[in-house]
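Architecture and fold: a report
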Amino acid sequence: MTTHEQAPPSRDQERVVTEFRAQGGIVGGYHATMDLLLLTTTGARTGQRRAVPLTYLPDGDRYIVTAGNAGRDRHPAWYHNLAANPDVTVEVGSEAFPAVADIADEAERPALYARFAAAYPQAGDYQERTSRPIPVVILSRR
């Protein structure tokens, strides 16, 4: 890993984050067949840094994630955090790097979400469960 300070896991994510870091980005269980990264955001209210595991799609030198929140009717906390402060840290495999998070605009979102749902069919299920358009977030190295 590079020299970026590791943030503690977000709530209820200790096992996955610890396993990810200990095994160079590889985890077992439910996430075993998925490409995972750790996204560290800074709390919009607390200012505390927290890491959350997310499935991703590589897109050239960018990484695509979605704020699906398992189809709930509200965005996940990490999404609100990066909307307030788009400077994030990304961990992929055993590498960590500073990145900027951009929310895909309505011109780019549909195609990116369709690609994501093709790779992770549960993403399509999440969109069907909620009336909110699930945001697509583009992570680019700084």
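Before reading further, recall that the structure is shown in the block above.
Everything in this summary refers to the structure shown in the same document. Because the structure is a prediction, the values reported are computed rather than measured.

Topic: helix H2 (residues 77–84)
Looking only at H2, the buried set comprises Trp78, Tyr79, Asn81 and Leu82. For H2, the arc enclosing every buried residue in end-on projection is 160 degrees, short of the 170-degree limit, so these residues lie on one face. Facing away from the buried surface of H2 by more than 90 degrees, the exposed residues are Ala77 and Ala84. Buried residues along H2 sit in contact with strand S1 (36–42), strand S2 (49–55), strand S4 (62–66), strand S5 (87–92), strand S6 (95–103) and strand S7 (136–141).

Concerning the nonpolar core
Among the nonpolar cores identified, the biggest contains 19 residues, and Leu37, Leu39, Trp78, Val90 and Leu139 are the most heavily contacted of them. Elements with a contribution of two residues or more to this core: S1, S2, S4, H2, S5, S6 and S7. In this structure, Leu37 is in contact with Phe20, Val52, Pro53, Leu54, Tyr56, Tyr63, Val65, Val90, Glu91, Val92 and Leu139, ignoring residues within four places of it in sequence. Counting residues in each nonpolar core, the second largest holds 14 residues, with Met34, Phe116, Ala117 and Ile134 among its members.

About the thresholds
- Residues numbered from 1 in each chain as written.
- Predicted model: local features only at pLDDT ≥ 70, side-chain atom pairs only at ≥ 80, totals over all residues.
- Heavy atoms only, no water.
- Buried < 20%, exposed > 50% of the residue type's maximum accessible area, 1.4 Å probe, protein only.
- Helix = DSSP H or I, 4+ residues; strand = E, 2+ residues; numbered from the N terminus.
- Arc of directions from axis to C-beta.
- Contact = heavy atoms within 4.5 Å.
- Core = buried A, V, L, I, M, F, W, Y, C linked by side-chain atoms within 4.5 Å.

Note that all results are geometric; they support no functional claim without further evidence.
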